[in-house]
Amino acid sequence: MVRSDARENRVRILAAAREAFAEDAGTSMNQIAQRAGVGAGTLYRNFPTREALLLAVYQDEVDRIVGAVPDLLAAHPPLEALRRWTADLVEAMRRKHGLGDALSPGAHQAITERTYGPVVAAIAELLDAGKKDGSIRDDADPGDFLQLSGALWRAAPGPDDRSPRMLALILDGLSARPR
């Protein structure tokens, strides 16, 4: 059983690391500890290496995105929920790719393998809701959608970001059509 203060320290470290890495992927472990308001020993007890911290930040982000599906479906029609969810996924993947250079190939492979299933399951939940209400084609496949959406996070961000238009095209292709 983890003490509540230890849990709180871990949450603060992850939040500080997420913010710090978003600003500068080269942020040091000591800078993250200072930002989180913990000592270096506390940081290293929770995350013995920089790579362990990067992996935890990424896993935390994936868990947040995957966990958002039920609330999105409760608040929006399935296609809109899928659009919002995918836009959030795109931003997370852009951040991950920015940190990718700091991960070893083995760590990169491990996190990809660990998160692929939950991400595909979240997409399946969104697609199934649309299939059920008739707004999404019956042949829509979560793996296909994930592969198509990979192009979105590779589009250059900024004022000329093409990803919203590209996502609109993907969603239009998923829309059920009267036969």
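So, how was this worked out
Residues numbered from 1 in each chain as written. Predicted model: local features only at pLDDT ≥ 70, side-chain atom pairs only at ≥ 80, totals over all residues. Heavy atoms only, no water. Helix = DSSP H or I, 4+ residues; strand = E, 2+ residues; numbered from the N terminus. Expected span 1.5 Å × (residues − 1). Buried < 20%, exposed > 50% of the residue type's maximum accessible area, 1.4 Å probe, protein only. Axes fitted to C-alpha atoms, helices over the stretch in contact; angles between N-to-C directions. Parallel < 35°, antiparallel > 145°, perpendicular 65-115°, else oblique. Contact = heavy atoms within 4.5 Å. Nonpolar A, V, L, I, M, F, W, Y, C, P; charged D, E, K, R; others polar. Left-handed = near helix turned anticlockwise from the far one by under 90°. Core = buried A, V, L, I, M, F, W, Y, C linked by side-chain atoms within 4.5 Å. Domains from an automatic or database assignment. Buried area = accessible area lost by both parts, 1.4 Å probe. Salt bridge = Lys/Arg side-chain N within 4 Å of Asp/Glu carboxyl O. Polar contact = N/O pair within 3.5 Å; in protein donor to acceptor, adjacent residues only side chain to side chain.

Student: Whenever I open this one, helix H1 (residues 4–23) confuses me. Can you help?
Tutor: Given 3.6 residues per turn, any residue in an α-helix points the same way as the ones three and four places further on. Its 20 residues place the ends of H1 29 Å apart at the C-alpha level, agreeing with the 28 Å of an ideal helix rising 1.5 Å per residue. Along H1, the residues that are buried comprise Asn 9, Ile 13, Leu 14, Ala 16, Ala 17, Ala 20 and Phe 21.

Student: Any chance you could explain the packing of H1 against helix H4 (residues 50–67) here in plain terms?
Tutor: The N-to-C vectors of H1 and H4 enclose an angle of 90°; their axes lie 10 Å apart at closest approach. The orientation of H1 relative to H4 falls into the category roughly perpendicular. The residues of H4 that touch H1, namely those facing Arg 10, Ile 13, Leu 14, Ala 17, Arg 18 and Phe 21, are Arg 50, Leu 53, Leu 54, Ala 56, Val 57, Asp 60 and Glu 61. Of the residues contributing to the contact of H1 with H4, the split by class is eight nonpolar, no polar and five charged.

Student: Before we go on, may I ask you to explain the packing of helix H8 (residues 142–154) against helix H9 (residues 163–174) in this structure?
Tutor: If you want to describe how two helices pack, look at the angle between their axes and the distance between the axes. Contact pair H8 / H9: the axes reach a minimum separation of 9 Å and the direction vectors enclose 160°. In terms of axis orientation, H8 runs roughly antiparallel to H9. When the axes of H8 and H9 are compared, the crossing they make is right-handed. Contact residues: H8 offers Phe 145, Leu 148, Ser 149, Ala 151 and Leu 152, while H9 offers Ser 163, Met 166, Leu 167, Ile 170, Leu 171 and Leu 174. Tallied by class, the residues present in the contact of H8 with H9 amount to nine nonpolar, two polar and no charged.

Student: How do you make sense of the nonpolar core when you look at a structure like this?
Tutor: Ile 32, Leu 53 and Trp 85 are the most contacted members of the largest nonpolar core, which has 49 residues in total. When residues of this core are traced back to their parent elements, those giving at least two are H1, helix H2 (29–36), H4, helix H5 (69–75), helix H6 (78–99), helix H7 (105–133), H8 and H9. When we break this core down by domain, the ones giving at least three residues each are domain 1 (1–48) and domain 2 (50–174). Apart from residues lying up to four places away in sequence, Trp 85 is in contact with Ile 65, Val 66, Val 69, Leu 72, Val 119, Ala 122, Ile 123 and Leu 126.

Student: Where do I start with the domain arrangement of the chain in this structure?
Tutor: Interfaces are frequently sized by the accessible area removed from exposure as the parts join. Per the domain assignment, the segments making up the chain are domain 1 (1–48) and domain 2 (50–174). For domain 1 and domain 2, the distance between their C-alpha centroids amounts to 26 Å. Each side of the interface is counted separately: domain 1 has 15 residues, and domain 2 has 10 residues. It is Leu 14, Arg 18 and Phe 21 that lose the most area in domain 1 upon contact with domain 2, and together they represent 48% of the buried surface on that side. Between domain 1 and domain 2 we count two salt bridges in total. Between Asp 60 and Arg 18 there is a salt bridge, with the nearest N and O atoms lying 2.2 Å from each other. Counting across the domain 1 and domain 2 interface gives two residue pairs in polar contact (both at pLDDT 80 or more).

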